[in-house]
Amino acid sequence: TRVEFLDYEAVVDYGWSLDDDELFRKAGHADLAPDAHGRLLVHPDESLLEAAERSGFAWPFSCRGGACANCAVYLAEGELSQPTDHIMPDDLAERGFRLSCNGYPLTDELSVVFNVKQRPELDDLIL
Ligand code: FES
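Residues numbered from 1 in each chain as written. Predicted model: local features only at pLDDT ≥ 70, side-chain atom pairs only at ≥ 80, totals over all residues. Heavy atoms only, no water.

### Examining the pairing of strand E3 (residues 72–77)
And then number 1: Sheet analysis places E3 next to strand E4 (residues 97–99), joined by three bridges and oriented antiparallel. Pairing of alanine 72 across the sheet is with leucine 99, part of E4.
And then number 2: Here E3 runs beside strand E5 (residues 109–114); their pairing, made up of four bridges, is antiparallel. Its bridge partner being in E5, leucine 75 is matched across the sheet by valine 112. (Pairing = 2+ DSSP bridges. Helix = DSSP H or I, 4+ residues; strand = E, 2+ residues; numbered from the N terminus.)

See below:
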């Protein structure tokens, strides 16, 4: 699975919005650092977080077991699995938030914003 990723800090810095359809196009024109915007590949049986780490990126995490939401990402395109025993409430999942530590790609392409744990709606979930 091919993943285009974007750091939420860049979204904040530039005053962009997560639900902006042009978000990744704007990121492409913003000359961001390679660890803030780029692409990586997820191998079969690899979680999104594992793939990011193998690719040399330091994305946030803590428990690695679906219990803390530090690893949360926002899914702009594609689908990432969400195991049953996790902390993410249904309403946030419906709005596109997922956990990268135990999320496995279900589509060939993903566009994700990582580092979204600083979003206010995720505050209560961060342990
Ligand atoms: Fe805790 Fe993913 S690292 S839920």
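### What about the sheet that holds strand E2 (residues 37–41)?
And then number 1: Sheet architecture is open: five strands sit in the order E2-E1-E5-E3-E4, paired in mixed fashion. Of all the strands in the sheet, the pair left with one neighbour each is E2 and E4. Along the sheet, successive strands turn relative to each other by an average axial angle of 35°, direction set aside. (Axes fitted to C-alpha atoms, helices over the stretch in contact; angles between N-to-C directions.)

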